[in-house]
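# Inside the fold
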Amino acid sequence: LVQVATFTIDSFKHWQWAANSVYYLLSLWSRLVASMPYLKGDVPSQLDSYVPQVITAFIHSRMELVRALQQQGGEPGGGPDDPLDNEEQLTEQLDTLPSLCRFQLQQASSYVLSLFEPCAKLYSQLLSLPTERARDADVAARLSQCEGELAWLVYIIGTVLGSHLTPSSNSEAQQLVDAE
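Analysis parameters
Residues numbered from 1 in each chain as written. Predicted model: local features only at pLDDT ≥ 70, side-chain atom pairs only at ≥ 80, totals over all residues. Heavy atoms only, no water. Core = buried A, V, L, I, M, F, W, Y, C linked by side-chain atoms within 4.5 Å. Buried < 20%, exposed > 50% of the residue type's maximum accessible area, 1.4 Å probe, protein only. Helix = DSSP H or I, 4+ residues; strand = E, 2+ residues; numbered from the N terminus. Contact = heavy atoms within 4.5 Å. Axes fitted to C-alpha atoms, helices over the stretch in contact; angles between N-to-C directions. Parallel < 35°, antiparallel > 145°, perpendicular 65-115°, else oblique. Left-handed = near helix turned anticlockwise from the far one by under 90°. Polar contact = N/O pair within 3.5 Å; in protein donor to acceptor, adjacent residues only side chain to side chain.

## Comments concerning the nonpolar core
Counting 34 residues, the largest nonpolar core has Phe12, Trp29, Phe58 and Ile59 as its most contacted members. Every element with two or more residues in this core is listed here: helix H1 (2–13), helix H2 (22–34), helix H3 (47–72), helix H4 (87–94), helix H5 (97–103), helix H6 (105–127) and helix H8 (137–162). Leaving out residues up to four positions away in the same chain, Phe12 has contacts with Val22, Leu25, Leu26, Val54, Ala57, Phe58 and Ser61. One finds Cys119, Leu143, Cys146 and Leu150 within the second-largest nonpolar core, a separate group that totals six residues.

The following block contains the structure:
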């Protein structure tokens, strides 16, 4: 499990070379989490420590993808494809994320909010700049980056909140976290 976690996290860190593997890696972890009710004994699972790391690495890779697309500046060829422009690819990448996030919901939601709140604040500040300053290329680039990051975070939040709770989950506690 340690090697699989390391491989997954490294793949997300080097997302440029593993773009087509995201779905399969997330599916593997989703299935590992789904098997938890069938484990015997009271021995703590290593999944408790590795799943949050996998979630964090995936979300971080999406933020890095936004930055790379921003630096590419829409130049054709050679750059990464934007999954936000391809609904099928986006759905594929987000499909298994809810089961992972709900496995360690408190940690996952705290991490997403730690990214969302500063980005939303910066976006609001950039939008409130005077018109002449808002036309600046740096401001426009930063706005575009914030929009991309917020889009990913909103998709992630929406996917997790829109998912159905598993029968073995503590639905009342998860609903409280969802409400926060």
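## With respect to the packing of H6 against H8
Two numbers describe a pair of packed helices, the interaxial angle and the distance between the axes. As a packed pair, H6 and H8 sit with axes 9 Å apart at the nearest point and diverge in direction by 150°. In terms of their interaxial angle, H6 and H8 are classed as roughly antiparallel. Our pair here, H6 against H8, has a crossing hand that is left-handed. Residues Leu105, Val112, Leu115, Phe116, Cys119, Ala120, Leu122, Tyr123, Leu126 and Leu127 of H6 form the contact with H8, whose own contacting residues are Val139, Arg142, Leu143, Cys146, Glu147, Glu149, Leu150, Leu153, Val154, Ile156, Ile157 and Val160.

## A word on the environment of Ser45
One can find Ser45 in the loop between H2 and H3. In this structure, Ser45 is in contact with Met36 and Leu39, ignoring residues within four places of it in sequence.

## Here we look at the side chain of Glu149
Within the fold, Glu149 resides in helix H8. Taking the relative accessible area as the measure of exposure, Glu149 reaches 6% and is therefore buried. A distance of 2.9 Å separates a polar atom in the side chain of Glu149 from a polar atom in the side chain of Gln145. Beyond its immediate sequence surroundings of up to four residues, Glu149 is in contact with Met63, Val66, Arg67 and Cys119.

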